[in-house]
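# Overview (structure and organization)
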Amino acid sequence: MTVKPNSVKNFFGTIPPRKVYIKGMKFIIHILSFFALLCSLVACSNGHGTATGADPFAEDDLSSTSGEKGDSIIVKKDTSFSEGEVPYYSSAEVFCWTDGCEKDFVSSSSKTGSSASKGSSSSGTAKSSSSSAKSSSSAKSSSSGVKPTVDENAMVMTDNRTKIKYNLKNIDGLLWTTTNLIYGTKSGNGVYCTTNNNGENVCSKYGTFFDYETAQEACPSGWRLPTKAEAEAALEIETDKSWEWVLTGRFVIENGKATYSKEGEEGRVWVDDYSENTIQLGKTFKQLMNATDRGQNVRCVAKATKTPTTESSSSAKSSSSSAKSSSSEVEPTVDDKEENLTDNRTGKTYTLRKVDNGPGTTKILWMTTNLITETEDGNGIYCDNNGENVCSTHGTFFDKDAAQNACPSGWRLPTADEATIATTKIKSDAKNPWEWPLDGRFEISQAGASYGQSGDQGRLWLDGGSALQITNYGTIAFDTLDADKTDNRAFNIRCVKESSAAAGGPGGK
C-alpha cells in the first residue's frame, strides 16, 4: 500500500503525523487513569486513604479480638478537632457526621455482645489501646473472675480482688455496699482519679470514679449496679452513720479531658438505667437524673440470701457478736466496795476509781483501763495493725456508732463535763492505779483503717460522739474533740456509772 506523504502508518493506524501526539497522550492518560482507579480501590478495600500524616481511622482499639474484620465496628468520635470545628464519627468501616449513627452499622457479632465491641466504645476518654479497650487489670476485664466473700451475719463483703471490706445494708431484701467501690486509684481504662486541694487521692478517699461503660462491670462477681427502682428505695433511707451518702464530687469529660469539681457540694452514683442513670446528691437534695460524659462513683448490690434481723437491717452490724447487741443483755458484777467490775460478757475484770464531781453531786465511777470486748476487726471494731493485734494490748478500738452502746449493761460513756472534771482531779498514780491512755487511734478510709500515734496521743469516746484527746509531747495535755471532728475514727472507751455506795472507797483526789 502506498503511504501518503502526510500520513504515518503506526499502532494507531494510518493517521496524519500531527495527530500522533494527541492520540499517544490520550492513550497514556487512559492507562494512568486505569492504574489510579485500581490503586484507589485497593486502598479503600484496606480501609486506608492515601493522605499523609496520622490516619484517623487507624486506632488499635477498633481492631477485632479474633482478627476477623467486623468484630469491633464501634463508632468513635474524633476529638482532635480544634474548638469550632465539626467532629466526625468513624470506625474501620463507617464514616458519618452524627452521634449515634453506629446503630445502623454495628455488625452482627457486635450485637451479640462480643467483648471487643462492648469494650471499645470511647468518647475521647483515657482508654487502653488493646483489642478490648481494657487492660487485663481493669474492672471490666476481671470483674467476673474473682468472687467476693460475703458474711451476711456480720453484714460485710470482702472484695477479694482488692481485699477491701465493705459494710452492707439490707434494703428490701437487697444488699448494698454502704460506701463507694474502690477498684483502681489511677486514671485509665475508664477510671478517673486526681488529687484534691488537700493533696488527697479522691479515688482513695471517696471511691473510684468510673465512666458509665466501665461502671457496668466494675462490681465484684455476682454484684452489680442498682436498678432505677432499687435506687429509688435507697433514696428513701434516712442518712445515718450506717448509711451515708457522701458529696464526693464528679468528673466532667470533654474533648478528651476529665475535670474534677463539686467536691463537698455534690455526689453522684451510677444506676443501671439509661433514662435515669445517676443518683445525684446535694446538700439539700437527692434525686435521680440522666448524665453523660461523667466520671462517677459506684455502689454495688446483690440479692440477700438471709432474712435480716432488725439490728442488721438498720445498722449493718451483727446482732450476735457486737458490743452494741450484748450491752443491755448481760449484767456486770460489781463488788460491795465498788472497787472492781467484772464484765460478764467477756469475763474481764476492771479496777474502778471514784471521781467527786463536787458538792451535792453523785460520785462517778470510772474504769481505770480501757474496755476490751473484741479483739478482731468487724462490726465497727478495729484491731489489726499490719498483723499486730493492738486491741489485746491497748483496749478495743470502736468507731463512733459501735462506741455508743459498747459498755456493759448499766454503764455508759462519760459526758464531756465528767471527762473535764476527771482530767483535773485524776493524775497518773501508781499507788491508786490510773494511767491516761496514749494508745493511738485508727483513721478509717474506704481503702482500710490505719493505726498511728501510739505513745503520743490517746482518745476516749465521750457521750454523743465527741472525744477526749490526751497528748504527751513532753507534758500531758487534754482537749475535747467535737463530734464533727471524730468521723471515720476508732478510739478506746472507759465506761462510767453513778456510784451507789456510801461515802468512802476509792476516791478521786
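An account of the accompanying structure is given in this report. Here the structure is a predicted model, which means the values were calculated and not measured.

### A few points about the pairing of strand E21 (residues 348-355)
- Where strand E20 (residues 340-343) meets E21, four bridges bridge the pair, whose relative direction is antiparallel. Across the sheet, the residue bridging to Asn340 is Thr351, located in E21.
- Linking E20 back to E21 in an antiparallel pair, the connection comprises four residues, with Gly347 at a positive phi of about 85 degrees.
- By the bridge criterion, four bridges tie E21 to strand E22 (residues 364-367) in an arrangement that is antiparallel. The residue bridging Leu352 from the neighbouring strand is Met367, located in E22.

### Some remarks on the state of the cysteines
- This model, assessed by the stated rule, comprises four disulfides.
- The disulfide partner of Cys407 is Cys495, and the S-S distance across this bridge is 2.1 Å. An S-S torsion of about -95 degrees defines the bridge between Cys407 and Cys495 as left-handed. Separated by 88 residues along the polypeptide, Cys407 in the loop between helix H11 (400-403) and helix H12 (416-425) and Cys495 in the loop between strand E32 (489-491) and strand E33 (496-498) bring together distant segments of the chain.
- The exposure class assigned to Cys407 is buried, which follows from its relative accessible area of 4%.

### What to know about the sheet that holds E20
- Read from one edge of the open sheet, five strands run E19-E20-E21-E22-E33, paired in antiparallel fashion. In the strand order of this sheet, the two ends are held by strand E19 (333-334) and E33, each with one partner.
- Lying on the sheet, H12 is in contact with E21, E22 and E33; it crosses E22 at an angle near 75 degrees.

### Some thoughts on H12
- Those residues of H12 lying buried are Glu418, Ala419, Ala422 and Thr423. The buried residues of H12 occupy an angular sector of 135 degrees when the element is viewed end-on, so they sit on one face. For H12, the exposed residues set more than 90 degrees away from the buried face come down to Asp417 and Thr424.
- Contacts made by the buried residues of H12 are with E21, E22, strand E30 (467-472), strand E31 (476-481) and E33.

### A closer look at the sheet that holds strand E16 (residues 286-289)
- Taken together, the three strands give an open sheet; going across it, the order is E14-E15-E16, and neighbouring strands pair in antiparallel fashion. Of all strands in the sheet, those bounded by a partner on one side alone are strand E14 (266-270) and E16. Within this sheet the neighbouring strands show an average axis-to-axis angle of 25 degrees, counted without direction.
- Sheet topology note: the E14/strand E15 (residues 278-282) ladder contains five bridges and is antiparallel. Looking at E15, one finds that Trp270 is bridged to Thr278.

### With respect to the pattern of salt bridges
- Tallied over the entire structure, the rule returns 11 salt bridges.
- A salt bridge links Glu266 to Arg268, with the nearest nitrogen and oxygen atoms 2.5 Å apart.
- It is possible to trace a salt-bridge network through shared partners that takes in Arg250, Glu266 and Arg268.

### Brief notes about unusual backbone geometry
- A positive phi angle, near 60 degrees, is found at Asn189, a position not held by glycine.
- Topologically, Asn189 is positioned in the loop between strand E9 (174-177) and strand E10 (191-192).
- Under the relative-accessibility criterion, Asn189 is labelled buried at 18%.
- At Lys262, a residue that is not glycine, the phi angle is positive and equals roughly 70 degrees.
- Tracing the chain through its elements places Lys262 in the loop between strand E13 (257-261) and E14.
- A residue is classified by how much of its surface remains accessible, and Lys262, at 34% relative accessible area, is partly exposed.

Analysis parameters
- Residues numbered from 1 in each chain as written.
- Predicted model: local features only at pLDDT ≥ 70, side-chain atom pairs only at ≥ 80, totals over all residues.
- Heavy atoms only, no water.
- Pairing = 2+ DSSP bridges.
- Helix = DSSP H or I, 4+ residues; strand = E, 2+ residues; numbered from the N terminus.
- Disulfide = S-S within 2.5 Å.
- Buried < 20%, exposed > 50% of the residue type's maximum accessible area, 1.4 Å probe, protein only.
- Contact = heavy atoms within 4.5 Å.
- Axes fitted to C-alpha atoms, helices over the stretch in contact; angles between N-to-C directions.
- Arc of directions from axis to C-beta.
- Salt bridge = Lys/Arg side-chain N within 4 Å of Asp/Glu carboxyl O.

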